[in-house]
Amino acid sequence: MYTKRDINIKGHGAIDMMARMTNDAFAESAAIARSTQQFQDLFKGVEFTPAQKASAVQIKKIYDSLIHRAVTISREVEQAPGLKIVATNSHGQQIEIIGLAEKKHPNIFDDRKLDITVVENKSPYNQSQKKWIAIAPIFDADGKPEFQSNGQPQTKHLGYISEAGLQQFQGDIKSFTELNNLSKEIVSGFAASQVRVAFKQVKEYAIAARESIPDLEKEAVAAAMWQVSTASKEDVERGFKKTSAAFAIFGEELVGRLDKLQFTEFAVVGTHKPSNEHLGRKWVGEKVECHIEQAPVPINPTQNKRWLVAEDKKLGVFRSESAQLPIGTSFTAEITSPPSASVIITSTQGNQLKVGQLKKYAFPEQEWKGDDGVITIKIVGTEKAVTPLAFVDDKPLGVVDKESFKLLSERLNVRGVKVDGFKFQGRLESTPATIANIKVDPETIRYPQVWAREEALVREKKIKANQKVSIRTEIPTADTPKTESVKREEWEKQMLKLAIVCLQDNPANAGEEMQTATFGDGKYRVIYHEPSEMLRVVDEDEQRGTLYKLQRGKAVQVCNFTDKEKQNFEILRLGQQFIKPASENLQRE
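Some thoughts on the overall build of the chain
Along the chain, the regular secondary structure elements total 12 helices and 23 strands. Looking at the chain alone, contacts between residues at least 24 apart form 66% of all its contacts between residues at least 6 apart. Looking at the chain as shown, the accessible area adds up to about 34,700 Å², and 51% of this sits on carbon and sulfur atoms.

Focus: the sheet that holds strand β21 (residues 534-539)
With antiparallel pairing, the 5 strands of this open sheet are ordered in space as β19-β20-β21-β22-β23. The open sheet has two edge strands, β19 (514-519) and β23 (558-559), and neither has a second partner. Bridge analysis of strand β20 (residues 524-529) against β21 gives 6 bridges, and the strand direction is antiparallel. The residue bridging Tyr528 from the neighbouring strand is Leu535, located in β21.

Description of the nonpolar core
Ranked by internal contacts, the top residues of the largest apolar core, which has 48 residues, are Leu308, Phe331, Ile335 and Ile438. The leading source of residues in this core is helix α2 (residues 50-79), at 7 residues. Dropping the residues within four chain positions of it, Leu308 is found in contact with Val268, Cys290, His291, Ile292, Lys313, Lys314, Leu315, Gly316, Phe318, Phe331 and Ile438. In terms of nonpolar packing, the next biggest core, distinct from the first, is built from 20 residues, Met495, Leu503, Phe519 and Tyr528 among them.

Quick word on the pattern of salt bridges
Taken as a whole, this structure holds 18 salt bridges when the rule is applied. Linking Asp215 and Lys218 is a salt bridge whose minimum nitrogen-to-oxygen distance equals 2.8 Å. Classification of Lys218 by relative accessible area gives buried; the value is 7%. Here Lys282 ties to Glu367 by a salt bridge, and the two come within 3.3 Å at their closest N and O atoms. Taken together, the positions of Lys282 in the loop between β7 (265-269) and β8 (284-297) and Glu367 in the loop between β13 (352-356) and β14 (369-381) put the pair 85 residues apart, joining distant regions of the chain. The partly exposed category is assigned to Lys282, whose relative accessible area is 23%. What you see here is one network of salt bridges that share partners, running through Glu76, Lys84 and Glu96.

Points about the packing of aromatic side chains
For the structure shown, the criterion picks out 15 aromatic pairs. For the ring pair Trp226 and Phe247, a centre distance of 5.8 Å and an interplane angle of 80 degrees mean the geometry is edge-to-face. Taken together, the residues Trp226 in helix α6 (residues 218-229) and Phe247 in helix α7 (residues 236-249) connect sequence positions 21 residues apart. Pairing Phe561 with Phe569 gives two aromatic rings, centres 5.3 Å apart and planes at 80 degrees, and the pair type is edge-to-face. By relative accessible area, which is 1% here, Phe569 ends up buried. Taken together, Trp491, Phe519, Tyr524, Tyr548, Phe561 and Phe569 form an aromatic cluster joined through their ring pairs. Its end group placed over the ring of Phe139, Arg112 keeps NZ or CZ at 4.0 Å from the ring centre. A cation sits over an aromatic face here: Lys378 above Phe391, 4.4 Å from the ring centre.

Remarks on the packing of α2 against α6
In helix packing, the relevant descriptors are the interaxial angle and the interaxial distance, both defined with respect to the helix axes. At a minimum axis separation of 8 Å, α2 and α6 run at an interaxial angle of 65 degrees. You can see that α2 and α6 cross each other, and the crossing is right-handed. Taken together, the residues of α6 that come into contact with α2 (itself represented by Gln52, Lys53, Ala56, Val57, Ile59 and Lys60) are Ala220, Val221, Ala224, Met225, Gln227, Val228 and Ser229.

Some remarks on α6
Its 12 residues give α6 an end-to-end C-alpha distance of 16 Å, which sits within 8% of 16 Å, the value for a rise of 1.5 Å per residue. Taken as a whole, α6 has its buried residues at Lys218, Ala220, Val221, Ala222, Ala223, Ala224, Met225, Trp226 and Ser229.

Here's the deal with the sheet that holds β8
Pairing is antiparallel around the closed barrel formed by 6 strands, whose spatial order is β7-β10-β9-β8-β11-β18. When strand polarity is set aside, the average angle formed by the axes of neighbouring strands in this sheet is 50 degrees. Note that β8 and strand β9 (residues 300-310) share 8 bridges and pair antiparallel. Pairing of His291 across the sheet is with Val309, part of β9.

Examining the pairing of strand β10 (residues 313-318)
Burial within β10 is extensive, with 5 of its 6 residues counted as buried. Hairpin connection of β9 to β10: 2 residues between the antiparallel strands, including Glu311 at a positive phi of 55 degrees.

Quick look at the confidence of the model for the chain
Taken residue by residue, the chain gives an average pLDDT of 80. The fraction at 70 or more is 82%. Looking at the elements of the chain, mean pLDDT is at its lowest for helix α12 (residues 582-588), recorded as 34, and at its highest for strand β11 (residues 330-336), recorded as 95. Every residue in residues 460-484 scores below 50 in pLDDT, and together they form 19 contacts with partners more than four places removed in sequence or on other chains. Low confidence marks residues 573-589, where pLDDT is under 50. Its contacts with residues over four positions away, or in another chain, come to 34 contacts.

A look at the packing of α2 against helix α5 (residues 192-211)
Put simply, α2 and α5 touch, their axes get as near as 9 Å, and they point 165 degrees apart. By the criterion of interaxial angle, the relationship of α2 to α5 is roughly antiparallel. Pair α2 / α5 crosses with left-handed handedness. Residues Gln58, Ile59, Ile62, Tyr63, Leu66, Ile67, Arg69, Ala70, Val71, Ile73, Ser74 and Val77 of α2 pack against Ala192, Val195, Ala198, Phe199, Gln201, Val202, Tyr205, Ala206 and Ala209 of α5. Residue composition of the contact of α2 with α5, grouped by class: 17 nonpolar, 3 polar and 1 charged.

With respect to the environment of Gly99
Following the sequence through the fold, Gly99 ends up in the loop between β2 (94-98) and α3 (100-103). With 63 residues separating them along the chain, Gly99 and Ser162 place their C-alpha atoms 9.0 Å apart.

Examining unusual backbone geometry
Leave glycine aside and you will find that most residues have negative phi; peptide bonds, for their part, are mostly trans. Positive phi outside glycine occurs at Gln357, with the angle close to 55 degrees. Here Gln357 is to be found in the loop between β13 and β14. Since its relative accessible area comes to 43%, Gln357 is described here as partly exposed. A positive phi angle, near 70 degrees, is found at Asp394, a position not held by glycine. By secondary structure assignment, the location of Asp394 is in the loop between β15 (386-392) and β16 (395-400). Judged by its relative accessible area of 57%, Asp394 falls in the exposed class.

Cut-offs used in this document
- Residues numbered from 1 in each chain as written.
- Predicted model: local features only at pLDDT ≥ 70, side-chain atom pairs only at ≥ 80, totals over all residues.
- Heavy atoms only, no water.
- Helix = DSSP H or I, 4+ residues; strand = E, 2+ residues; numbered from the N terminus.
- Contact = heavy atoms within 4.5 Å.
- Areas by Shrake-Rupley, 256 points an atom, 1.4 Å probe, with all protein chains shown as cover.
- Pairing = 2+ DSSP bridges.
- Core = buried A, V, L, I, M, F, W, Y, C linked by side-chain atoms within 4.5 Å.
- Buried < 20%, exposed > 50% of the residue type's maximum accessible area, 1.4 Å probe, protein only.
- Salt bridge = Lys/Arg side-chain N within 4 Å of Asp/Glu carboxyl O.
- Phe/Tyr/Trp six-rings, centres within 6.5 Å; stacked < 30°, edge-to-face > 60°.
- Lys NZ or Arg CZ within 6 Å of the ring centre and 35° of its normal.
- Axes fitted to C-alpha atoms, helices over the stretch in contact; angles between N-to-C directions.
- Left-handed = near helix turned anticlockwise from the far one by under 90°.
- Expected span 1.5 Å × (residues − 1).
- pLDDT = per-residue confidence, 0-100.
- Parallel < 35°, antiparallel > 145°, perpendicular 65-115°, else oblique.
- Nonpolar A, V, L, I, M, F, W, Y, C, P; charged D, E, K, R; others polar.

See the structure below:
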């Protein structure tokens, strides 16, 4: 009985306590519906023609209209049985008013034209099919209108506007608040037998539609209908309506796709952000051990996301519309970084231009790693649609970012220099890829023994009455390591001191939970997450990923610095050139 909802609890007795425990267990194990878009790759690899897709769309359209009609009739019989009014205006448009027995208006059967006012049902127990109420004036036995003490006409609820009636107004009846001089006809409402007939018609159409498709084309048409049904993210109810035709007509084909895992290719996003513990690494198809983990997002520690963890380091999060594997699943996967979507060009004066839309031009696949070149800005198009392009050695690179172009134009205008044709020497650096493509080896998938329930929000940890809570909000300074119980080597202390000074020199970090800066002549980037007091150092130039990771008061979790680098840290002092001046450091930021 309680497979779809929990048990209502009204008291505090023994049975209520047992019911509460049962509800808790139910909540932990309840099946959670997902967006149909997450399953859009179920028929991946199955091709279909435009004609087959058109056929699928038409079949689905008819099925959806039949199932909608059957569901509407069913709801009306269940929630507003009995007589109903079919009211017609002077233009022949009809509107149905149901629920007459519930409202008991005294003039239902009077032989006169009908005037109604439509108002929205504000009841907290309002049901979707009773959203709009029809109100009509009251007449006495002599056919004269009754009035209230304030002189206003006496009115009473007549019934509800049916879903079928709302279709006359394309679902929007707000602009038709008053409907006057309507002729009315009282007719019998739908019966339970008509509900059965309506659903029987749906089933018969599904069978006939399937039989009309040649056996050799069934899978292709099923794939086409599935693509149409899962094309966009929808809520659960809408998702059912969108996919119910595919399940009813192509059940065999759907089941046939479940013999093996179909969802083996994913994309994770946010790989360009400091939360990527492989930041700076270019993936070229390495096969590595991975698992799915639920963890907070650094920019919003109260919100959980599904993370792909590769080689025990977080890489990125799954899109909400992407196919999902259970939390705790582990597997071997091939990871590839797509070509960068943009390039940063730094002039010899330290000014920067961002250039995007690289795929359309001469260097769609090239990764720029500090390459030098002669940059030319050219303006193409008309005054109404001007496009600034950046050329490298006379070959088009891409479109100059709008903000970058604005700043460049302002600087050149001050100097009296034209933007079109402007040339300068620049160094090109590809920006990190924003996504990573994951290809799972299905033979290596290991599901968790206990499946974890997905929680969108991080649960607050309950604190015992005698438990002390200590919260630190400051960045660790050069003095704070003295208070830590963990002993650090001299090179490590010096490296931390250099990194922290650069963090503090960057004004963009003020008040931010996630803080970052470069140091070591731009070779390294330090990333500090204030809420967790986690500090990481990544390779900025050679794409070695995370070189160092620790949390305040704990031993080092990752240390991949070479012996030579450790020696360099140990002998350096703050006054030396190893730390870039704050102004120069900010230019890189």
